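# A closer look at the structure
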Amino acid sequence: TVSKILVSACLLGRPVRYDGSAKTLEDTLLDRWVAQGRTVSVCPEVMAGLPTPRPPAEIAEGRDGAAVLGGDARIIEIGGADVTAAFLAGARIALDQAMRHDCRYALLTDGSPSCGSGFIYDGSFSGRRIDGAGVTAALLRQHGVAVFSHRDIGALAAVLGES
Ligand code: SF4
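Residues numbered from 1 in each chain as written. Predicted model: local features only at pLDDT ≥ 70, side-chain atom pairs only at ≥ 80, totals over all residues.

As annotated in an unreviewed UniProt entry, the protein chain carries the name Purine-nucleoside phosphorylase and comes from Sphingomonas hankookensis.

So this is what it looks like as structure tokens:
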């Protein structure tokens, strides 16, 4: 059987981002995987019970998702509220979905403190990007799921032998 692919819900058109928008990925590869029933949609933040819309959040002090998992960094909303526990809960729910559906690959929205896999923001809420992954992407990788950013869907297809 072909592997299922865990996909950020906002890429699939769900309006679940912090500002209530979607980030729909228009791509024939993704359309095909959806039509084949091979995608598992997850929004870690919504699954953790956070509301939509919600304040933007970033990993504090230029740290990354792995540091959050290790207890060495926090995730903070723009107003200063600590949302680390909710983001960790969302990451665990996403991992549980990946394991339940035997997803060995994930296609996630880059830049998010949850789903980012190539870059995140530096915690200053000033739009500065740093290399690194969000907390869900980091947890998935720790458990052997190969995470690709939405910009790298072609690379994922190549790994799957479907490009
Ligand atoms: Fe999209 Fe992930 Fe943010 Fe949910 S947590 S809105 S799936 S980037």
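On we go from here.
Compared with the 24 Å implied by 1.5 Å per residue over 17 residues, the 24 Å span of helix H4 (residues 84-100) between its first and last C-alpha is a close match. Turning to H4, its buried residues number three or more, namely Ala86, Phe87, Leu88, Gly90, Ala91, Ala94, Leu95 and Ala98. A positive phi of about 55 degrees marks Asp102, the residue just after H4. (Helix = DSSP H or I, 4+ residues; strand = E, 2+ residues; numbered from the N terminus. Expected span 1.5 Å × (residues − 1). Buried ≥ 20, exposed ≤ 12 C-beta atoms within 10 Å, placed from the backbone.)

Moving on, we come to the nonpolar core. Ranked by size, the top nonpolar core spans 45 residues in total, and within it Leu6, Ala94, Ala98, Ala106, Leu107, Val135 and Leu140 carry the most contacts. Among the elements that line this core, the one with the most residues is H4, at seven residues. In contact with Leu107, not counting residues within four places along its chain, are Ile5, Val7, Leu11, Phe148, His150, Ile153 and Leu156. (Core = buried A, V, L, I, M, F, W, Y, C linked by C-beta atoms within 7 Å. Contact = placed C-beta atoms within 7 Å.)

Two numbers describe how H4 lies on helix H5 (residues 135-142): the axes approach to 9 Å, and their chain directions differ by 40 degrees. What the angle tells us is that H4 and H5 run oblique. As H4 packs across H5, the resulting crossing turns out to be right-handed. Residues Phe87, Leu88, Gly90, Ala91, Ala94, Leu95 and Ala98 of H4 form the contact with H5, whose participating residues are Val135, Thr136, Leu139 and Leu140. Here the contact of H4 with H5 is composed, by residue class, of nine nonpolar, two polar and no charged. (Axes fitted to C-alpha atoms, helices over the stretch in contact; angles between N-to-C directions. Parallel < 35°, antiparallel > 145°, perpendicular 65-115°, else oblique. Left-handed = near helix turned anticlockwise from the far one by under 90°. Nonpolar A, V, L, I, M, F, W, Y, C, P; charged D, E, K, R; others polar.)

Another aspect to go through is unusual backbone geometry. Of note, the bond from Thr52 into Pro53 is cis; its omega dihedral lies within 30 degrees of zero at -5 degrees. Secondary-structure assignment places Pro53 in the loop between helix H2 (44-47) and strand S3 (57-59). Although it is not a glycine, Asp102 adopts a positive phi angle of roughly 55 degrees. Phi is positive for Phe125, which is not a glycine, with a value near 55 degrees. The residue Phe125 is located in the loop between strand S6 (119-121) and strand S7 (129-131) in this model.

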